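# Coordinate analysis (summary)
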Amino acid sequence: MSDTIRLRGGGSLQGCLRVPGDKSISHRALIFHALADGNATIEGLLESEDVRSTAACLKALGVQYEGGRIEGRNGQLHAPADVLDCGNSGTTIRLLMGLLAGQPITAKLTGDASLRSRPMQRVTDPLSRMGVEFIGDSLRPPIQMKGGGTRNIRYRSSVASAQVKTALMLAAVQSEGTLEFEEPSASRDHTERMFRAMGVEFVDEIAEDGTHRIVLAGPQRLHAQCIDVPGDVSSAAFFLVGASILPGSDLTIRNVGVNPTRSGVVQALKRMGANIEEVGLREVSGEPVADLRVQKAALTSTVIEGAEIPLLVDELPVLAVAAAHAEGTTIVRNAGELRVKESDRIEATANIIRSMGADIEVRADGFSVHGRPRANYRNFEISAEGDHRIAMASCIAALATSGVTTVHGAESIRTSFPEFLPSLEALRG
Ligand code: S3P
């Protein structure tokens, strides 16, 4: 069913909020503990459709999970009776392929229309070189595979992708062989942090040219650890941008994960002149966490490219909205990965920016937004193309217009942030 949001522009964002648990860490906490020795309690797990897809697939593999408590299967999963439905979630399907690579069972994985159009070769290629059998076409879901008996692999990924890295580390930790993995620059390191906390040993180094290298010799056991999931910086990003562009705003977002490999949006916004203060920096379950206070500021343009892209890849649509309110031209390069996310996020972002009456030029691997801080942007009507981050970025763009904006396809927000709209409305001054 398609939901439509109608939002009146104007006003400010004021007060305090907590964003829900980090999506990347929530998927990992469930998947790694499915394999673990022992049981664990996971606090603050994101309750959204994407994470529910992961939990449902794990239940189909014999994992007991109820009310935040998960029982590890000591390395042995059940063959699923049915097809594993990963819904809209690329992280679910790619990480599950890594998990299943170590299991001598046959499984078929699929998802919704968006997921069925997304590339899987980046994971299926290296896994088949490790010895996983893929039955039929393995370019896009549905994917049928039989794991077990995996061997050594030396693999350089052409993209810096935490999903690829994590899938291979999951395969390697169950393997008799050694994984030597490289990616062009560091991707988010939640897997490395949680693996270490669960007792897995591996080499993890960054070369002078920025290449990130992991060497992991299997097999190794994962030991269950109770996890406290921090708030999701990708969800916080919508409020960081909203409060930065709306006059009179002053907002505190509590308990946000500020892992440097993940919170590039905070650095990019600060470079643009945003007034963001990190308060009470602390470590929770091996992840840095802080409260973020953000106030309206005069923004200027910036360039976002190269090794910075993986650190903020999911935040680029809402950063484009900030750029439309910044003085000068903001340039985003080397972000071709945006074309293979839940939607083609280069085109979908351009659609938001043009719909609000701002200028954007699109290229194969990015875009340039010509910002106008004093512009009177107009209300608009848009379809989010089934993409949660496009729906929420559209809502933030709408706040800084006069009139009522209509966002179709807003049901997609349930994949990552079901409470987004009530949280936003509660802060409007
Ligand atoms: C994720 C990694 C990123 C990101 C996605 C979540 C993860 O994808 O876009 O939303 O949890 O590992 P890539 O690994 O494809 O860059």
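Structure shown above.
Residues numbered from 1 in each chain as written. Predicted model: local features only at pLDDT ≥ 70, side-chain atom pairs only at ≥ 80, totals over all residues. Heavy atoms only, no water.

### Some words on helix α1 (residues 23-35)
For α1, built from 13 residues, the straight-helix expectation of 18 Å at 1.5 Å per residue is met to within 8% by its first-to-last C-alpha distance of 19 Å. Among the 13 residues that make up α1, 13 are buried, leaving the element largely enclosed by the rest of the structure. The opening residue of α1 is aspartate 22, an N-cap whose side-chain oxygen sits 2.9 Å from the backbone nitrogen of serine 24. (Helix = DSSP H or I, 4+ residues; strand = E, 2+ residues; numbered from the N terminus. Expected span 1.5 Å × (residues − 1). Buried < 20%, exposed > 50% of the residue type's maximum accessible area, 1.4 Å probe, protein only. Polar contact = N/O pair within 3.5 Å; in protein donor to acceptor, adjacent residues only side chain to side chain.)

### Some details on the packing of helix α3 (residues 90-101) against helix α6 (residues 162-173)
Between α3 and α6, whose axes approach to 6 Å, the crossing angle comes to 20°. Our classification of the angle between α3 and α6 gives roughly parallel. Judged by the twist between their axes, the crossing of α3 over α6 is right-handed. Listed contacts from α6 to Gly90, Thr91, Arg94, Leu95, Gly98, Leu99 and Ala101 of α3 are Gln163, Thr166, Ala167, Leu170 and Ala171. Residue classes in the contact of α3 with α6 are distributed as 6 nonpolar, 5 polar and 1 charged. (Axes fitted to C-alpha atoms, helices over the stretch in contact; angles between N-to-C directions. Parallel < 35°, antiparallel > 145°, perpendicular 65-115°, else oblique. Left-handed = near helix turned anticlockwise from the far one by under 90°. Contact = heavy atoms within 4.5 Å. Nonpolar A, V, L, I, M, F, W, Y, C, P; charged D, E, K, R; others polar.)

### Some remarks on the pattern of salt bridges
Taken as a whole and assessed by the stated rule, the structure comprises 31 salt bridges. Across the pair aspartate 204 and arginine 196 runs a salt bridge, and its minimum N-O distance is 2.7 Å. Aspartate 387 is paired through a salt bridge with arginine 345; the nearest N and O atoms lie 2.8 Å apart. Separated by 42 residues along the polypeptide, aspartate 387 in the loop between β22 (381-383) and α13 (388-399) and arginine 345 in helix α12 (residues 345-355) bring together distant segments of the chain. Accessibility assignment for this pair places aspartate 387 and arginine 345 in one class, buried. In this structure, a network of salt bridges that share partners links the residues Arg118, Arg188, Asp314, Glu342, Arg345 and Asp387. (Salt bridge = Lys/Arg side-chain N within 4 Å of Asp/Glu carboxyl O.)

### Here we look at the site of the ligand
As a matter of local geometry, the ligand sits amid Ser24, Arg28, Thr91, Arg122, Ser161, Ala162, Gln163, Arg188, Val313, Asp314 and Lys341. Between the ligand and serine 161, the relevant distance is 2.7 Å, taken from an oxygen atom to a side-chain nitrogen or oxygen of the residue. Interatomic distance of 2.7 Å between a side-chain N/O atom of aspartate 314 and an oxygen atom of the ligand. For the ligand, whose free accessible area comes to 380 Å², the fraction covered by protein is 93%. Counting atoms within 2 Å of the grid points, the majority share of the ligand lands in the largest pocket. Only α1 and α6 provide two or more residues apiece to the shell around the ligand. Looking at the shell around the ligand, its residues break down into 2 nonpolar, 4 polar and 5 charged. (Near = heavy atom within 4 Å. Areas by Shrake-Rupley, 256 points an atom, 1.4 Å probe, with all protein chains shown as cover. 1 Å grid on protein atoms, 1.4 Å probe; cavity = no way out; pocket = protein on both sides within 12 Å on 5 of 7 lines; lining within 4 Å. Sits in = over half its atoms within 2 Å of the grid points.)

### Focus: the packing of aromatic side chains
Evaluation of the coordinates by the stated rule reveals 5 aromatic pairs. Here phenylalanine 417 and phenylalanine 420 contribute two aromatic rings whose centre-to-centre distance is 5.6 Å and whose plane-to-plane angle is 70°, an arrangement assigned as edge-to-face. Residue phenylalanine 420 is classed as buried on the basis of its relative accessible area, which comes to 0%. (Phe/Tyr/Trp six-rings, centres within 6.5 Å; stacked < 30°, edge-to-face > 60°.)

### Describing α6
The end-to-end C-alpha distance of α6 is 16 Å, a good match for the 16 Å that 12 residues give at a rise of 1.5 Å each. Most of α6 is tucked away: 12 of the 12 residues are buried. Every buried residue of α6 is accounted for by Ala162, Gln163, Val164, Lys165, Thr166, Ala167, Leu168, Met169, Leu170, Ala171, Ala172 and Val173. Measuring from the side-chain oxygen of the N-cap residue of α6 to the backbone nitrogen of glutamine 163 gives 3.3 Å; that N-cap residue is serine 161.

### Section: the sheet that holds strand β8 (residues 133-135)
If you trace the 4 strands from one edge of the open sheet to the other, you get β6-β7-β9-β8, paired in mixed fashion. In this open sheet, the two strands that pair with only one neighbour each are β6 (84-85) and β8. Across 4 bridges, strand β7 (residues 106-110) lies against strand β9 (residues 143-146) in antiparallel orientation. When the bridges of β9 are listed, leucine 109 appears paired with isoleucine 143. (Pairing = 2+ DSSP bridges.)

### What about the packing of helix α8 (residues 233-245) against α13?
When two helices pack together, their arrangement is given by the angle between the helix axes and the distance between those axes. As a packed pair, α8 and α13 sit with axes 10 Å apart at the nearest point and diverge in direction by 15°. The pairing of α8 with α13 is recorded here as roughly parallel in orientation. Seen along the crossing, α8 lies across α13 with a hand that is right-handed. Across the interface between the two elements, Ser234, Phe238, Val241, Gly242 and Ile245 of α8 pack against Arg389, Met392, Ala393 and Ile396 of α13. For the contact of α8 with α13, the per-class residue count stands at 6 nonpolar, 2 polar and 1 charged.

### Observations concerning the sheet that holds strand β2 (residues 14-18)
Sheet architecture is open: 4 strands sit in the order β2-β15-β17-β16, paired in mixed fashion. Each of the sheet's edge strands pairs with one partner strand only, and the pair in question is β2 and β16 (275-284). Taking the axes of each pair of neighbouring strands and ignoring which way they run, one obtains an average angle of 15° across the sheet. The sheet contact formed by β16 and strand β17 (residues 287-295) spans 8 bridges and is antiparallel. Paired with arginine 282 across the strands is valine 289, a residue of β17. Contacts from α8 reach β2, β15 (250-257), β16 and β17, with the element oriented near 165° to β15. Contacts between helix α14 (residues 420-427) and the sheet are confined to β2 and β15, with β2 contributing the most and set at about 155° to the helix.

### Remarks on unusual backbone geometry
For the peptide bond that leads from proline 141 to proline 142, omega is 0°, which places it in the cis range. Residue position: proline 142 is located in the loop between β8 and β9. Here the residue pair glycine 218 and proline 219 is connected by a cis peptide bond, since its omega of -5° sits within 30 degrees of zero. Take proline 219: it is sitting in the loop between β13 (212-217) and β14 (227-228). Of note in the backbone geometry, asparagine 255 takes a positive phi value of approximately 60° without being a glycine. Among the secondary structure elements, asparagine 255 is positioned in strand β15. The phi torsion at serine 285 lies on the positive side, around 45°, for a residue other than glycine.

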